[in-house]
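The primary structure of each chain is shown beneath.
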Amino acid sequence: MANRPKARRFATYLEGREALLISAIEIYEVYKVIRRDLSEERAIEAISALRRATIAPVDEALALEAADVSLAHGLAMADSLVYATARRFGATLVTGDTDFEGLPDAVVVR
């Protein structure tokens, strides 16, 4: 992530002292994008860095909540799962995805 345009802005959150929470679906997203854009080696490094976070699994209740979130806010499946995970744990969602703009407890990093 170090060479990505928004890397410095995310570093504050990733390297901070607050607990990190990620949805299991984000493992897929991070690996896929970094492998596609950079390399498999960098993708594996990024996933290793995420291991300091609590990785929240997707269960039936979360899937149903995500479906409700999708219907209410027009989010895609993966985005809905990520947002529902943050809501379940009372966490602030920090993202570079403008689809979350204006949603409660979401910070869009530009």
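Everything numeric in this text was worked out from a predicted model, so none of it was measured. Throughout, residues of each chain are indexed from 1 in the direction in which the sequence is written. For a predicted model such as this one, the threshold for reporting local features is a pLDDT of at least 70, and the threshold for listing and counting side-chain atom pairs is 80 or more; totals across whole chains, interfaces and linings nevertheless cover every residue. With hydrogens and water stripped out, all remaining heavy atoms of the structure feed into the side-chain values.

S.K.: Any chance you could explain the pattern of salt bridges here in plain terms?
M.R.: A side chain of one charge can pair with a side chain of the opposite charge if their charged atoms are brought near each other. Any Lys or Arg side-chain nitrogen found within 4 Å of a carboxyl oxygen on Asp or Glu counts as a salt bridge. Within this structure, the stated rule accounts for five salt bridges. Two residues, Arg42 and Glu45, come together in a salt bridge whose shortest N-O distance is 3.6 Å. Linking Arg42 with Glu45, this pair stays in helix 3 (residues 40–50), spanning three residues, or about one helical turn. Any residue under 20% of the maximum accessible area for its type is buried, any over 50% is exposed, and the rest in between are partly exposed; the area is computed with a 1.4 Å probe on protein chains only. Using a relative accessible area of 24% as the deciding quantity, one classes Arg42 as partly exposed. What makes Glu45 partly exposed here is its relative accessible area of 41%. Put simply, Asp59 and Arg88 hold a salt bridge, and the shortest N to O gap is 3.0 Å. Remark: Arg88 occurs in helix 5 (residues 77–89) and Asp59 occurs in the loop between strand 2 (54–56) and helix 4 (60–73); sequence separation between them is 29 residues. Judged by relative accessible area, Asp59 falls into the partly exposed class, the value being 36%. In this text, helices come from DSSP runs of H or I with a minimum length of four residues, and strands from runs of E with a minimum of two, each type numbered from the N-terminal end.

S.K.: For this particular structure, what's the right way to read the packing of helix 2 (residues 24–37) against helix 5?
M.R.: With their axes 9 Å apart at the nearest point, helix 2 and helix 5 run at an angle of 130 degrees to one another. If you check the angle between helix 2 and helix 5, you find them oblique. As helix 2 runs across helix 5, the sense of the crossing is left-handed. Across the interface between the two elements, Ile25, Glu26 and Glu29 from helix 2 touch Ala78, Asp79, Leu81 and Val82 from helix 5. Of the residues belonging to the contact of helix 2 with helix 5, the class tally is four nonpolar, no polar and three charged. Lines fitted to C-alpha atoms define the axes here, with helix axes fitted over just the stretch in contact, and angles between the N-to-C directions of these axes take values from 0 to 180 degrees. Note on angle classes: values under 35 degrees are labelled roughly parallel, values over 145 roughly antiparallel, values of 65 to 115 roughly perpendicular, and the remainder oblique. Working rule for handedness: look at the near helix, and if it is turned counterclockwise from the far one by less than a right angle, call the crossing left-handed; if clockwise, right-handed. Contact definition: two residues touch when any of their heavy atoms are within 4.5 Å. Under this grouping Gly is polar, as are all residues other than the nonpolar Ala, Val, Leu, Ile, Met, Phe, Trp, Tyr, Cys and Pro and the charged Asp, Glu, Lys and Arg.

S.K.: Would you take a moment to explain unusual backbone geometry for this structure?
M.R.: The general pattern is negative phi for most residues beyond glycine and trans for most peptide bonds. Of note, Asp105 is a non-glycine position whose phi angle comes to about 60 degrees, a positive value. One can find Asp105 in the loop between strand 3 (93–95) and strand 4 (106–108).

S.K.: Is there a simple way to explain the environment of Ile25 in this structure?
M.R.: By the secondary structure assignment, Ile25 is in helix 2. Setting aside chain neighbours within four positions, we find Ile25 in contact with Ala78, Leu81 and Val82.

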